[in-house]
Structures are given as C-alpha cells and as structure tokens.
Amino acid sequence: MIAKVIVDVPSRATDRPFDYKIPQQMLGWVEVGSRVGVPFGGRVLQGFVIGITEHADFDVKKLKPIAELLDHIPPLSPDLVELASWISDKYCCTLTASLQAMIPAALKGKADSVVSIADDEVNEASEDSLLGEEAWLSYIRQNGGTMRLAALQERFPESAADIKAAVKRGTLTEQVTIRDRLSVRKVLTVFPPDNEALALEALQNYPARAAKQQEVLRYMLEHREPIAMTVLVEALSTTSSTVRAVADKGLLEIREMEQSRDPYAGRDFKRTEPLPLTEGQQAVYAEIAESLDAEQSRVFLLHGVTGSGKTEVYLQTIERCLQHERQAIVLVPEISLTPQMVERFKGRFGDLVAVLHSRLSSGERYDEWRKIREGRAQVAVGARSAIFAPFERIGLIIIDEEHESSYKQEETPKYHARDVAVRRARQHSAAVVLGSATPSLESFAAASRVVSGSEAANTSTSASASTSASAKASGAALLPMPNRVGGRPMPKVHLIDMRDELKNGNRSMFSRQLHEALLERLERGEQSVLLLNRRGYSTFVMCRSCGYTAQCPHCDISLTYHQKSRVLRCHYCGHAEQAPEKCPSCESEHIRFFGTGTQRVEEELAKLFPGIRVIRMDVDTTTEKGSHEKWLTMFGERKADVLLGTQMVAKGLDFPYVTLVGVIAADTSLHLPDFRSAEKTFQLLTQVAGRAGRHQLPGEVIVQTYNPEHYAIVTAQHHDYAAFVQEELKHRRFMGYPPFCRLIVVTLSDEQLPLLIQTGEKLASTLRQLAYESGIKGSIDSDGTRFIDILGPVASPIPRMKDRYRFQCMVKYRGNVNANDLLKQAISMLSGPQGQPPVQISVDVDPQMIL
DNA sequence: AGCACGCCGACT
DNA sequence: GTCGGCGTGCTC
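Predicted, not measured: the structure shown is a model, and the values here were computed from it.

Engineer: Would you mind showing me how to read unusual backbone geometry here?
Structural biologist: If a residue is not glycine, its phi is most likely negative; likewise, a peptide bond is most likely trans. In this model, Thr 412 is joined to Pro 413 through a cis peptide bond whose omega is -5°. In this fold, Pro 413 is placed in the loop between β17 (394–400) and α15 (417–428). With omega at 10°, the peptide bond leading from Pro 738 into Pro 739 counts as cis. If you check the backbone angles, Glu 295 has positive phi at about 50° while not being a glycine. With respect to the helices and strands, Glu 295 occurs in the loop between α11 (279–293) and β13 (299–304).

Have a look at this one:
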C-alpha cells in the first residue's frame, strides 16, 4: 500500500503529496490523518498522511518507506484532513500550513538524531588501549555507546567536524527519529495490592516496629484505588521510603503514570442548573433545538442585545446537543475568555469541558486537546483555533461575539473561524449559532436575506457576495432577542461634545459631567468602568522641537518605548536600541516619551480624586500569566472603584455594582483609514455600554466625543443596531466594500525594490488579462452579477518590514467569480518551473484590516 | 525549507 | 594545487 504524505516543509514548491510505501508492520495502523516520519531529500521529516492508495503516481522502484508512525491514535480525523484542504484552497495557503494549524504545537515534531558506536568499533576498542582516544568517543562509551547527537555536539562543540566525519565513515551509526516537543508529565503512583488475600495476611503479621508500613498497607486496602505518591505521603504523614518498603515486599506496586495537566485542577466550580428561560430565550432555544433534533446543518444568527441572556441559551442548547450524544464547540474571542466565562461552562458541564486558550502552556494545551481526542471531553470552549477541536460527532458550534475581528487569524493560514465553522458544521450535519449584540454586516446581510423573503430579490444582487459565503449557502436564519433579561432597561447613554468643553475652558480629559458622575459613584460606593478607546496606540518617542520620531531602521515603523528597560523596540522585527537622552536629529532636550493613554488617565484620576482606587488593565499590566484574572477578581470583590482599560474592559464582563461606564474618547477609532472603522466604533460603544446596570442598580453611560453627530455614535447612543446597519450599508454600497463585494489583498515583499515593483505590475496585469479572458466585467458600476476589479500595486501600509519592501494589490469582486483560481493561475504564471515565485507572495482572503 | 551538486576566487 | 563562497534544483 502507498501513503500520500504532505511533508512538513513550509514552501509552495513542496506542498503536494509525496508517495511512500507503507511497511508491512504498519499496515492497518497508518490511516488518513496519521502523523509519520518520512525520509525526504536526505533527512527525516514529519508529515501527514492525507490518502492511502493501491498504486503510486511515482516510479515504484524509487519509493521509500515510511520511517516511523508517530502516534497510536491519528491526531487528525479524515474530516479534518478534508477541512484542511478546503482551507488551503479558500485562503490560498499551503496544505502544510492548514494541517499544522489543527494540531497543538507540542505535536510539531522535529528530527532528532541518535548516534551509536558501531559494533565492530566496540570490539576494537577493547583490544586497543583507550589511551589517546578522542574525548567525545569515550564520552559516548560512558553513556553506554549511544546518545543524542545534539547533546554530544553541545558537550564537544569543537569536535563537530570530527563527529560528522565519524558518522560519514560509519564509525558512528546515526538513527533519525521525530521527537515531539512535549513532555508528558509523569507522576509516581501507588497501586493497591493485586493479591488481596496475601496483603490481608501480611497486614496481620506485620512486625510491630513497622507501624507506618502497616498503616500504608491498611490505607491502600481500604481505598483500593491508585493514588499519587505525593498525596499518599501527605495523607499519612510518612515518607516515600516507607511506601517503597511495602512495595519491595511485593504488597503494593509503584509505577509512573502519565498525568494530564488540568489548568483548572483543584478549582471548585459551583454546579449550576438550567435557569428558566424568558419568552424570548425560549423562542430562540426552540428554533435551535428543532434543528439539533433533526440533525440539520443550519446557521443561526442570534442577534441579542447585551444582557439578553445569550449565554444561558448557549448552555441549554449544548445540553440538548449532548443528549443526542454529539459534541459541542464554543468559540469565544480570546479577550473575553475570562474566568467568568469558563466558570459558567464548567459550572454546568463540569469535567466534560475542555478549555483551550492562548494562556495555556503548550503542555497544558496538549493535555486539553487529548482530552477531546480521546473522548473524555464533550464540550470544547476556546478561542479561534478551538474550531479544530478533534471531535468525532459534532452537533453544535457556537460562536459568541461573532463580529469580533479576532476570529480572523492574521498569520498564515489566514482563516476566519466563522467561515471554517460553517464548513465544518456541514461535514457533521451540525448547527451553527452565531451570537452577537452587534452582528458583523457580512453575517447580518447573509442572514436577513433568508428571513425577510420580500427583500430577498432586492438584496441578492447588492449583497450577493457576502463575505460569509458559506453562511449564504447554508441559509442563515435570524433569531432576534431584543429584550434584556428581567425587563431591565438599556442603560441611558449621554453624549458629551468635547468641543464645547474646550470652548468652556475645560482642557482636562474629563468632561464636567463625567467628573461629576465619577464623584457620585465614589460617594455611593458604586463602581465605574472607564474605556480608553485607543486601538493600535502604543508608547512612542517624539521630539517636541523638530517633530522627530524614532523609526525602526528595518521596518519603516515607529519604535515602541519600553519603560522598564528604557529601550526602544520594533514589534515587527524585534530590533532594539537604547532610548536617546536628547533628540538625535536636532539635539534638543525636548524629546518626550509618550506613555500609554491609560497611564496618563490613571495619573489624572489620582490627581482629581485623591485616594481613588484604580485598576488599570492594558497590555502592560496583563502580560503576566493569570494577571488578567487577578485584576478582574479584585474588581469583582470591590477592592477598586474604577476599572480603567482598553478594549479588554468592554467585553463580556458582568459586575453588579458597576453603574457608570465612561468612554474617554469615542472617536479615536472612528477615523482610522479602514472601511470597518465606523462598524468597529459602533460595536465597541454598544459592548461597553452593555457593561452598566446589568443587575438591580440602574446604569448610566457617558460617551465623550468630538463627533457627536456621527451616525455610528448617535445610533450607539440609542442602542439602535438597525439604524446603524442601514446607514453603514449605504456607505459600503457606495464605496464598493463588503458585504457588497469580496476582497483579497495580495502582499508582495522582497529586498530589491525594482524586482518587487516589476513583479507587482506583472501580477496585476496578468490578473486583469485573465479576468478579461474569462469574460468578467471589470467596471465597478457594472450591474452584472459578475464583477472584478484589480487595484494596485501600491506600497503597503507598512512599506518596509525586516528590510524587505512591501507592495500590495487588492482584488475586489462579486458574483460567481472564482477569484482564488484566477489568483493562483496568475501566481503560477509568474513563477519558475518548480513553482517558486520571484518574490515572496502572501495572500489575505477576506482581510479584516485594510488600514 | 534544507541539502547536495557545481562552478569560480583566496589561501596552506 | 585545495577550501569554500552561495547560485540552481530537487526532494516520493
């Protein structure tokens, strides 16, 4: 039998299946989805089996056999392999990249060599005197004749060439295997006696002076369960040598057991029961439950205002799904994957929940992943990549805060978890629930078209190329939840025109109203949340005399100032330099280091409200593991008056004593050169406003802005999603942006500018030519359903990164245009015979940020 | 991506 | 004369 293997080489040229013979002893073990080690061009690499056939597409005589099978259970199932190939096709990336994204990093094996002294050499050495033998050779002998090549080279760096030569002439034999980057935690475990009768007899006859041993044995006979050595020793306040003594008599067994790291071990989650649903929740639940019972693959857009109780609906639909013995995946934006959120799922489903997020160590993540793969978990809660949770029978996929841009991966493979979810759900006949108070325009356009039949014809031409193409195909159903649980009103939102403040001589960053409102909360002992909406704003250096700013010498981007080390760092390439004392350009002393906005707000708060207790949450204060959780717990225990932060304070938090939400500057995100800036602003304001007054105490929101008449801000003030969408759709249609078309951004990069520009031009003209040949109308005003427009090449927003220049082309299209195919064709037309393009090309399908 | 093979300059 | 620079080309 022949295995088709995708080899772990991140290059387009090698991204195709290579055929390998399956050795006799591996027959029946090697499956689609298996991870194997294969010889490839003189070395051994990790690869994935994506197919098994009878006949090779290659000269059988030249076929090499698979060198090793790396796992007992294939890490990928055939449906995930199929999904990987869909991703690489849709997002124009290599299959290798898609496959790698699906497994935990711990399973990214690397080749590792073990060298042994050849047999005849061993004999020779016994005759020859060891005198004069090279140090490294005797070192191997001391190690029993075999050791890892890497370890040997580390010990004798100066003999590297000698060692290599020895391998070449056969003095040393080399064996290459793939080693995982994982450490399985082993725990010494004590097992109860096999032979109980014997043990009981021994217990009777134990010598009196071995009381502790007797105690150990009695304990084990009573509990009759394996127990960790450390726990046993602790419980009986004895030592491991005592336990060992019992084991040496053959009465107990001590073995090393593999132990899963459970990041939530020892934490008690209070079990919760399903809450009675409100009428609104019930209607939505019934709709989804019906689909679950029928095992249909349907997509639901759950549009529920903040505080409408979406999470309870999630929990109960998951319960329904589990009753059908099918598994559920819950995606949550990384930023709102808070302990609060985890607690709600753990509280309802206990150990059946596996949690996957970026704060886990690679070992912890691997253990949670295995819990899923081995069927010990039925529910996976996690960020973006949890969409690849290796379940066998998925019944339900929930995507909370569906509009969040963090569902789009910015690195290759640049997939959108929402679209992958829809595709994966279809493989499993599973339901998808997209939940949001502020659905993305793409999802909303795709969903409303199906529900409001009369508008269907109307929108089908205008928004036919929704970004959520798969949602479109499956026909998303809109499920509205317009009311808050308990009939609580939406908080009142006040807009403060900061221009008026300035006119009235208030130059502080706090308006009088916000100042007063904060004071009131302090007096009443209630809490406030302050949002500084500063996307992409970080600390930088500027000279106030000449305007000089510190730039990275390799990247054409401002350097970031790190206060702790007084170093300027580029966060694209890692370049670091000492922060200057005076301006390098004009020698002025007036060089200033601008701290994060939140730092300045914190200082101002301390000045205005002496004794105020502020928790500041931003990248500076939450990088440490667990710090996020720590701050939120503190705030929840009312150990602070104000929670001040960036985006991260806007999402999913629920504190009963928060009655004031202040937005310092609503418009900082409004004027970013991105076509989604209005949408992002509306979403953020709506989300943060939803933090107030979720319980008994009524909430108030104060939004400071310089653009009080902007529709994104006005509609957010009135919690009017429909009005926002209507206005925003007008703009999108007029400007020709999604959901009225789809976008692909192609970025080309190279060290040589002329070659780069030349290649860029060639790519654009080839694309135009191909589009023309396939008869697609090119005009932006075209009424036809097919349309394509190729823009550029132009310099990228970051024109140089890591000493490479960057240019980009944008493809806009709509209708049944296979832009991916055109693009792939164009790229292959300017590539060499092995498929390597003259410059580096990176493709972003459905980009989130255009900037 | 790596590694081998291969053809031209500065050294023992 | 050799060592070694990194330019193409291939990997089942």
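Engineer: What is the right way to look at the protein's contact with DNA strand C in this model?
Structural biologist: Around DNA strand C lies a shell of 13 residues, among which Asp 19, Pro 39, Gly 41, Phe 58 and Lys 64 are the nearest. At the protein interface, 46% of the atoms of DNA strand C within 4 Å belong to sugar or phosphate. Arg 16 is positioned with one of its side-chain polar atoms (N or O) 3.4 Å from a base nitrogen of DNA strand C. At a separation of 2.6 Å, a base oxygen of DNA strand C approaches a polar backbone atom of Asp 19. Elements that contribute at least two residues to the surface near DNA strand C include exactly β2 (18–21) and β3 (35–40). The element that contributes the greatest number of residues to the surface near DNA strand C is β2, accounting for three residues. Taken together, the residues of the surface near DNA strand C sort by class into six nonpolar, three polar and four charged.

Engineer: Mind showing me how you'd approach the sheet that holds strand β32 (residues 787–801) here?
Structural biologist: Strands in a sheet are paired, the pairing made by backbone hydrogen bonds, and the direction either parallel or antiparallel. Taken together, four strands build an open sheet; the order of strands is β32-β33-β31-β34 and the sheet is antiparallel. On the outer flanks of this sheet lie β32 and β34 (840–845), each paired with one strand and no other. Averaged over all pairs of adjacent strands, the angle between strand axes in this sheet comes to 20°, irrespective of strand direction. In this structure, β32 lies alongside strand β33 (residues 804–814), joined through nine bridges in antiparallel fashion. From the neighbouring strand, Val 794 faces β33, where its bridge partner is Gln 808.

Engineer: Is there a simple way to think about the nonpolar core in this case?
Structural biologist: When a protein is soluble and globular, its nonpolar side chains tend to lie buried together. With 113 residues, the main nonpolar core has Ile 87, Phe 388, Leu 643, Ile 744, Leu 763, Ile 788 and Val 843 as its most contacted residues. For Ile 744, the residues in contact, after removing those within four places along its chain, are Cys 809, Met 810, Val 811, Tyr 813, Ala 819, Asn 820, Leu 823, Val 843, Asp 844 and Val 845. Counting 31 residues, the second-largest nonpolar core is a separate cluster that includes Tyr 264, Val 284, Cys 321 and Leu 322.

Cut-offs used in this document
Residues numbered from 1 in each chain as written. Chains lettered and ligands numbered in written order. Predicted model: local features only at pLDDT ≥ 70, side-chain atom pairs only at ≥ 80, totals over all residues. Heavy atoms only, no water. Helix = DSSP H or I, 4+ residues; strand = E, 2+ residues; numbered from the N terminus. Near = heavy atom within 4 Å. Polar contact = N/O pair within 3.5 Å; in protein donor to acceptor, adjacent residues only side chain to side chain. Nonpolar A, V, L, I, M, F, W, Y, C, P; charged D, E, K, R; others polar. Pairing = 2+ DSSP bridges. Axes fitted to C-alpha atoms, helices over the stretch in contact; angles between N-to-C directions. Core = buried A, V, L, I, M, F, W, Y, C linked by side-chain atoms within 4.5 Å. Buried < 20%, exposed > 50% of the residue type's maximum accessible area, 1.4 Å probe, protein only. Contact = heavy atoms within 4.5 Å.

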